[in-house]
Amino acid sequence: MSTDDAFPQPLGGNTMPRFGGPATMMRLPPTDGRLDVAFVGVPLDIGTSNRPGSRFGPRQIRAESCLLRPYNMATRAAPFESLVVGDAGDVALNTFNLAASIDIITDHYRSMLQNVGVPLSIGGDHTITYPIARALAERHGPLGMVHVDAHADVSRTMFGERITHGSWLRHAIDDGYVDPRRTVQIGLRGTGYAADDFDWMAGLGARVVPAEECWHHSLTPLMHEVRAKLGGGATYLSFDIDGLDPSVAPGTGTPEIGGLTAIQGLEIIRGLRGVSLVGADVVEVSPAYDASGNTALVAANLLFEILCVVPGVAYRTA
Ligand code: MN
Ligand code: MN
């Protein structure tokens, strides 16, 4: 088998124009075979409380990913030289039944994890992180969590539903899939219901970093602290696109002003190099509110940057 066969490459822009070719993530081969890293679409948006539409996120993010080239000029990461990466398609969820879809997603990941090392998931609304974390915790034990978001996502219920995009993290912790002492929330802000909306997590030992603490600062120093808190254990990154400011990422369901910059998003992800990342997602991109396509473009780039910090990535200096 040649190296090219062993390590599938994104289709290059000199082989097929960037606006042509397969509509997979980075125009990678579609596959359900053995992969070190799989991009997976989870087109669920029935757990959304305000604007819907993130069901179209995976397709739009894949479309905008056609511009991504395989080498990271800033960090020198060359993920396709040492990892077998592919696009594993979408989860066939039931768009008429949220609770059933949550179980469908978990079962899909349980099965996929027989063949896939690290799933990088493309949302979909934030509900999807609960069933993904459940499947990953069954394999790796309780997960450390880096949660980038404008919102704490720790409501008890929403209209009586237990697992939704605003309550997934509380239940992932209560059900033992996420370790709050190895959890960091970054970017929280906006209006709330009560003064203690953001305090529940801190009370369990999590580090809560409100957006105001990030304003005007590089987040690279914060990430030193984050890596120390995460330690060597299995860790998940969940990146809600609304953690970024609406000027950067307007195409989302519950936007809040005063958010993170795109640069700070990169600093968070690049700061996870060396962490035992076992999975990640980028969620809440809603293309109907994304007239320029910029939100999906940002999300595609964030997913590539996450790929560049997966354990086992090669770095090339020349
Ligand atoms: Mn969220
Ligand atoms: Mn949010």
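This one's a predicted model, so the numbers in the text were calculated from it and none came from an experiment.

Reading the values: the criteria
- Residues numbered from 1 in each chain as written.
- Chains lettered and ligands numbered in written order.
- Predicted model: local features only at pLDDT ≥ 70, side-chain atom pairs only at ≥ 80, totals over all residues.
- Heavy atoms only, no water.
- Pairing = 2+ DSSP bridges.
- Helix = DSSP H or I, 4+ residues; strand = E, 2+ residues; numbered from the N terminus.
- Axes fitted to C-alpha atoms, helices over the stretch in contact; angles between N-to-C directions.
- Contact = heavy atoms within 4.5 Å.
- Donors = N, O, S within 2.8 Å, 3.2 Å for Na, K, Ca; no water.
- Disulfide = S-S within 2.5 Å.
- Buried < 20%, exposed > 50% of the residue type's maximum accessible area, 1.4 Å probe, protein only.
- Polar contact = N/O pair within 3.5 Å; in protein donor to acceptor, adjacent residues only side chain to side chain.
- Phe/Tyr/Trp six-rings, centres within 6.5 Å; stacked < 30°, edge-to-face > 60°.
- Lys NZ or Arg CZ within 6 Å of the ring centre and 35° of its normal.
- Salt bridge = Lys/Arg side-chain N within 4 Å of Asp/Glu carboxyl O.

### Focus on the sheet that holds strand 7 (residues 207-210)
Part 1 of the reasoning: Overall, parallel pairing links the 8 strands, which are arranged 3-1-4-9-8-5-6-7 in an open sheet. Either end of the sheet is taken by a strand with one partner, and the two such strands are strand 3 (85-90) and strand 7. Neighbour-to-neighbour, the strand axes of this sheet turn through a mean angle of 15°, independent of strand direction.
Part 2 of the reasoning: For strand 5 (residues 143-148) and strand 8 (residues 235-240), the ladder comprises 5 bridges, and the chain directions are parallel. What sits directly across from Val148, in strand 8, is Phe239.
Part 3 of the reasoning: The sheet contacts of helix 2 (residues 57-64) involve strand 1 (35-42), strand 3 and strand 4 (116-123), and relative to strand 4 the element is tilted by about 105°.
Part 4 of the reasoning: Its contacts with the sheet put helix 9 (residues 220-230) on strand 5, strand 6 (178-188), strand 7 and strand 8, and the angle it makes with strand 6 is roughly 165°.

### Re the coordination of the manganese ion (ligand 2)
Part 1 of the reasoning: The coordination sphere of the manganese ion (ligand 2) contains the protein donors Asp149 (OD), His151 (ND1), Asp240 (OD), Asp242 (OD) and Asp242 (OD), at a distance range of 2.1 to 2.4 Å.
Part 2 of the reasoning: In this structure, the manganese ion (ligand 2) lies 3.3 Å from the manganese ion (ligand 1), and both are coordinated by Asp149.

### Points about the state of the cysteines
Any covalent bond linking the sulfur atoms of two cysteines counts as a disulfide.
Part 1 of the reasoning: Counted by the stated rule, this structure contains 0 disulfides.
Part 2 of the reasoning: For Cys66, which is in no disulfide, the shortest distance to another cysteine sulfur is to Cys308 and amounts to 17 Å.

### Here's the deal with the coordination of the manganese ion (ligand 1)
Part 1 of the reasoning: The manganese ion (ligand 1) binds to the protein through His126 (ND1), Asp149 (OD), Asp153 (OD) and Asp240 (OD); the donor distances cover 2.1 to 2.2 Å.
Part 2 of the reasoning: When the donor residues of the manganese ion (ligand 1) are listed from N- to C-terminus, their spacing reads H-x22-D-x3-D-x86-D.
Part 3 of the reasoning: What makes Asp240 buried here is its relative accessible area of 2%.

### Here we look at helix 10 (residues 262-270)
Part 1 of the reasoning: Among all positions in helix 10, only Gln264, Gly265, Glu267, Ile268 and Ile269 are buried.
Part 2 of the reasoning: Looking at the buried positions of helix 10, the neighbouring elements they touch are strand 5, strand 6, helix 8 (211-214), helix 9, strand 8 and helix 11 (294-307).

### Topic: the environment of Asp240
Part 1 of the reasoning: Residue placement: Asp240 occurs in strand 8.
Part 2 of the reasoning: Separated by 11 residues in sequence, Asp240 and Lys229 place their C-alpha atoms 21 Å apart.
Part 3 of the reasoning: If sequence neighbours within four positions are ignored, Asp240 has contacts with His126, Val148, Asp149, Asp153, Val283 and Glu284.
Part 4 of the reasoning: Separated by 3.3 Å, the side chains of Asp240 and His126 make a polar contact.

### Observations regarding the packing of aromatic side chains
Part 1 of the reasoning: In total, this model carries 1 aromatic pair according to the counting rule given.
Part 2 of the reasoning: A centroid spacing of 5.6 Å and a plane angle of 70° characterise the contact between Tyr130 and Tyr177, whose relative ring orientation is edge-to-face. Highlighted residues: Tyr130 in helix 5 (residues 129-140) and Tyr177 in the loop between helix 6 (168-174) and strand 6, separated in sequence by 47 residues.
Part 3 of the reasoning: Of note, Arg51 hangs over the ring of Tyr289, and the distance from its end group to the ring centre comes to 4.4 Å.

### What about the pattern of salt bridges?
Any two side chains of opposite charge can pair, given that their charged atoms come close.
Part 1 of the reasoning: If you walk through the whole model with that rule in mind, you get 13 salt bridges.
Part 2 of the reasoning: The residue Arg110 makes a salt bridge to Asp107 at a minimum N-O spacing of 2.7 Å. Of this pair, Arg110 and Asp107 both sit in helix 4 (residues 98-112), separated by 3 residues, roughly a single helical turn.
Part 3 of the reasoning: Judged by its relative accessible area of 34%, Arg110 is partly exposed.
Part 4 of the reasoning: Taking relative accessible area as the criterion, Asp107 reaches 43% and is therefore assigned partly exposed.
Part 5 of the reasoning: A salt bridge links Asp179 to Arg181; the shortest N-O distance between them is 3.1 Å.
Part 6 of the reasoning: The buried category is assigned to Asp179, whose relative accessible area is 12%.
Part 7 of the reasoning: According to the relative accessible area criterion, Arg181 is exposed, its value standing at 57%.
Part 8 of the reasoning: In the salt-bridge network here, residues are joined through shared partners; they are Arg62, Asp87 and Asp90.

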